[in-house]
Amino acid sequence: METRLKALIGAACALTLLAPLGASASSPTLTRADNRDGQDLSGTWRYSVDPYRDGLAGFHRGPPGEGHRRYDDVDVDAVTRAKPNALYEYDMDRSPTATLPQGWVGHDPSLRYYQGLMWYERRFDAPALKPGQRAFLRFEAVNYTAKVFLNGKSVGEHEGGFTPFSLEVTETLRASNNQITVGVDSTPQADGVPPPVTDWENYGGVTRPMRLVITPGTFVDEAWVRLTKDGKIAATVKLDGAQAANQEVHVRIAELGLDVSGKTDAGGVLNASIAAPKSLVRWSPEKPKLYDVVVQAGEDRLTDRVGLRTIETRGSQILLNGKPIFLRGISVHEEEFGDNPARTITEAGARALLAEVKEGLHGNFVRLAHYPHSEITTRVADEMGLLVWSEIPVYWLVDFGNPRTLELARGMLADNIRRDRNRASIIMWSVANETPITDPRNTFLYQLVDDVRALDDSRLVTAALLTARKTNNGVVEMGLNDPLADKLDVLAANTYNGWYTDDTLDSLPAMTWKATDKPMVFSEFGADALSGFSDPALMRKFSEDFQKKYYEKTLAMAAKVPTLAGMSPWILKDFRSPRRQNPIYQQGWNRKGLVSPTGRRKPAFFVLQGFYKQKEAGQKVDGK
Ligand code: GCB
C-alpha cells in the first residue's frame, strides 16, 4: 500500500488518478455488518477543508512535505512543543468538529457548493484482537472518492458515493488511540458515475455510518437467502478467509424448522436449497413477514432478517407471489425532511419518508432514485412492506464510450446487489435513467443488464427510459422507441407532457400509449409547485393549483393505459438541486414534491392518495 500511495501522491493530479475499481469490486461485502462485533465510528470527528489538495501533493506536485500530510500519525501540538522550529500548516486534532455521518453542508452552510477535498479525523480505542481475528473499517458510503489512513498508513481508497466498502486493518489497528483519517473528495468527474451534471445536490462527505468490524479469521461475507419460483428456499453463502474452502455451512430458519446446509466449494461458496415448507408465510406489502436467519460457518455466526417472496412478469403483468400487483408508488431522493437537509439518513429519518409513502399515500412501492440508498432504508422497507426499485447513478450523460466508466458502473451495480440481495422489498434493479440512445450507450447498458442477470436471477431488470411521441390524425401517441427495451423485464417511462411541453393539461387524458408486450410503469411524471402558492385565476406553473390539475389529468391518461403495471411519480418531497434557481419559486430546490421540505402536503398529494386508495380497494379508476 505504501508504494501505491507514493505513486499516487507523486502523480500530477493525485485524486483523479485513484484506482477506482479494485476496492469496489474486490473488497469484502461484509453484509449485515451492523449485526457484527465491532464498534460504530459515527459521532464526533474533526474536519479540515483542503481545496488545493495540499495534503496530497507539494507546490510543484511532488509528494507532500511534513507539516502538510494530514494523515501523519502525530499530535501536532506535542511535536511543535518538542521542536519549536517545526512548521505545521494543519492540525487535525484541533480542527473544528462535526457529527458524522452527514454531508458537509451540515457542518457549515457556507460549504454547500464546496466541491473538493475535505479531511476528517478521529481517534478511538479498539478491543484487542484475539488470535486469528480480523479487523475491517467498513464505510456505508463516502461521496465521492475516499482515501483512508489508519495510524498514518494508507489502508485503501474507494470511488463511488453510494455503495459500501471495507478495508482490512488487522495489521494496522492498535489497542488504544487509533488515528483514522479520511480524505473525501466530492469533485464531480467527467468519467465518473454519476456524471458532473445531475438534478440533485452533490452532498460531499461521509454520508453514511462507518464501523470497525471484528470477524473470525474466516467469516461469512455474504449469505443470500431467497424463495425460488419453483418453491425452494435457496441459499448462496460466500466465505472469506483462509478456511473458506470445503467448510461446512448451515443456514437456519428456526421458525420454519429449516436448515439449508452443505460444504463450500474451492472458491468458498455454498449453493444449496431445500423445498419450502407449507407453513411458509410469503412476504408482501400487506403482510411483511420477516424470518430470523442464522448462518453458521466454522467460528462465525451471522444473523439477518429475511422476507421470502417471488417476483416475476407474465405478459404485461407484474406478479408478486404469483398474483398480479399494481405498483402504487412514488420516487424518493435520499434527503431527510427539514429546511436544511444534509443527507443525514437515520433510521427515524428513513421511517418518516417511507411512512409517508405507505401510510400517507397508501402506496406499496417506492422508487429509490437515483442511486443506491442507505442500508437502513431498504431494511425499513422490508419491515414496513414497501416494494422497492433500486438503481445505480448511470444518469443522463455518463461517459458511455469510456471503459473505465463502464467498470466503475459495473462495480457499483455488483456492490449494490451484493449488499441488498436479501432485501425482499427490492423487486427491481434499474441500470440507468434517461440516457441518450447511442451505440456506446447501448453496449454499456446491455453489459449492465447481463451483469444483473448473472448476479441475481430472482428479480426484474428495468431502466427509466425517455419517451417517443407521434401524432396520428390529431391524436398523440406516446411510446418507447429504445433498443434497450428488448433486454428489460419491466419497461419504465419518464413522461412530463404538460410540464416540459406546451400541451395543455386538458389535452393530457386524450393522449394514448402504444401497447407493450411487457409490463410498463410510469417511472416519473410531475410538476413543480411552491408549497402554499396558489394562483387559481392564472393556473401558472409553480402553483399548487397547476400541480393538482397536472396530477388529475395525468392520472386520467394513465388509467387508460392497458399495460400499465404501476407508477412512481416524481417525487415525494421537494429536494435540493443547484439546477433550480428561479428566485421566486425554486431557490435551489426542485419543487416537484407532493410534500414540502418539512412535510406539508400539497393539494396534489391528495389527488394521488385518492387514486391509490381506489386502486388499493381494487376498483377500476377512470380518472377525470
Ligand atoms: C427527470 C429526472 C429527474 C429530474 C426530473 C425533473 O426526468 O430523471 O432526476 O429531477 O426529471 O424534475 O426534471
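Predicted, not measured: the structure shown is a model, and the values here were computed from it.

Engineer: With reference to specific residues and values, describe the overall build of the chain.
Structural biologist: From N to C terminus, the chain includes nine helices and 36 strands. Scaling as 2.2 N^0.38, a compact globule of 624 residues should have a C-alpha radius of gyration of about 25 Å, and the chain matches this with 25 Å. By its C-alpha atoms, the chain is 85 × 60 × 45 Å across when sized along the principal axes. Long-range contacts, defined here as pairs at least 24 residues apart, represent 72% of the contacts in the chain between residues at least 6 apart. Treating the 77 positive side-chain charges of the chain as one cloud and the 78 negative ones as another, the clouds have centres 4 Å apart.

Engineer: Which residues make up the side chain of T31, and what values go with them?
Structural biologist: Summarising the element assignment, T31 is placed in the loop between helix 2 (21–26) and strand 1 (38–40). Accessibility expressed as a relative area gives 7% for T31, which makes it buried.

Engineer: I'd like a rundown of the site of the ligand, residues and numbers included.
Structural biologist: Taken together, 14 residues surround the ligand, and among them D199, H370, Y395, E434 and Y500 come closest. In the environment of the ligand, an oxygen atom lies 2.4 Å from a nitrogen or oxygen atom belonging to the side chain of Y500. Alone, the ligand offers 320 Å² of accessible surface; in the complex the protein occludes 97% of this. Across the shell around the ligand, the residue classes break down as five nonpolar, four polar and five charged.

Engineer: Give me the lowdown on helix 5 (residues 375–384), citing residues and values where you can.
Structural biologist: In terms of burial, helix 5 is largely enclosed, as nine of its 10 residues are buried. All of the buried residues along helix 5 are E375, I376, T377, T378, R379, V380, A381, D382 and M384. Where helix 5 terminates, the next one or two residues include G385, which has phi positive at roughly 85°.

Engineer: How would you sum up the packing of aromatic side chains? Please name residues and give values.
Structural biologist: Enumeration according to the criterion identifies 26 aromatic pairs in this entry. Ring centres of F400 and F444 lie 4.9 Å apart, and the angle between their planes is 90°; on these two criteria the pair is classed as edge-to-face. Here F444 lies in helix 7 (residues 439–455) and F400 lies in the loop between strand 26 (387–391) and helix 6 (403–420), a separation of 44 residues in the sequence. Look at F400 and you get buried, because its relative accessible area is 9%. The buried category is assigned to F444, whose relative accessible area is 1%. Aromatic pair W570 and F575: ring centres 5.8 Å apart, planes at 85°, arrangement edge-to-face. W570 sits in the buried class, given a relative accessible area of 3%. Here the aromatic cluster, defined as three or more aromatic residues joined through ring pairs, consists of Y496, W499, Y500, F533, F542, F546 and Y585.

Engineer: Could you give an account of the sheet that holds strand 16 (residues 248–253), naming the residues involved and the relevant values?
Structural biologist: Working definition: the strands of a sheet are paired by backbone hydrogen bonds and lie parallel or antiparallel to each other. Within the open sheet, the four strands sit side by side as 17-16-19-20. Their pairing is antiparallel. One side of each edge strand has no neighbouring strand; the edge strands of this open sheet are strand 17 (258–263) and strand 20 (300–306). Averaged over all neighbouring strand pairs, the angle between strand axes comes to 15°, with direction disregarded. Bridge count between strand 16 and strand 17: six bridges; the pairing is antiparallel. Bridging across to strand 17, I253 finds its partner in L258.

Engineer: An account of the nonpolar core is needed here, citing residue identities and associated values.
Structural biologist: Most often, soluble globular proteins keep nonpolar side chains buried together rather than apart. By size, the foremost hydrophobic cluster in this structure holds 89 residues, and its most contacted members are V394, F444, L448, F522, Y550, M567 and L608. Each of domain 1 (33–214) and domain 3 (327–616) gives at least three residues to this core. Ranked by size, the runner-up nonpolar core spans 31 residues in total, among them L100, L150, I180 and V206.

Engineer: Any details on the packing of helix 6 against helix 7? Residues and values, ideally.
Structural biologist: Contact geometry of helix 6 with helix 7 gives a least axis separation of 10 Å together with a crossing angle of 25°. It follows from the interaxial angle that helix 6 and helix 7 lie roughly parallel. When the axes of helix 6 and helix 7 are compared, the crossing they make is right-handed. Counting all contacts with helix 6, which are made through T405, L406, A409, R410, L413, A414 and I417, the residues of helix 7 involved are F444, Q447, L448, D451, V452 and L455.

Basis of the calculations
Residues numbered from 1 in each chain as written. Predicted model: local features only at pLDDT ≥ 70, side-chain atom pairs only at ≥ 80, totals over all residues. Heavy atoms only, no water. Helix = DSSP H or I, 4+ residues; strand = E, 2+ residues; numbered from the N terminus. Rg over C-alpha atoms; globule rule 2.2 N^0.38 Å. Contact = heavy atoms within 4.5 Å. Lys, Arg positive; Asp, Glu negative; His and termini not counted. Charge placed at Lys NZ, Arg CZ, Asp CG, Glu CD. Buried < 20%, exposed > 50% of the residue type's maximum accessible area, 1.4 Å probe, protein only. Near = heavy atom within 4 Å. Polar contact = N/O pair within 3.5 Å; in protein donor to acceptor, adjacent residues only side chain to side chain. Areas by Shrake-Rupley, 256 points an atom, 1.4 Å probe, with all protein chains shown as cover. Nonpolar A, V, L, I, M, F, W, Y, C, P; charged D, E, K, R; others polar. Phe/Tyr/Trp six-rings, centres within 6.5 Å; stacked < 30°, edge-to-face > 60°. Pairing = 2+ DSSP bridges. Axes fitted to C-alpha atoms, helices over the stretch in contact; angles between N-to-C directions. Core = buried A, V, L, I, M, F, W, Y, C linked by side-chain atoms within 4.5 Å. Domains from an automatic or database assignment. Parallel < 35°, antiparallel > 145°, perpendicular 65-115°, else oblique. Left-handed = near helix turned anticlockwise from the far one by under 90°.

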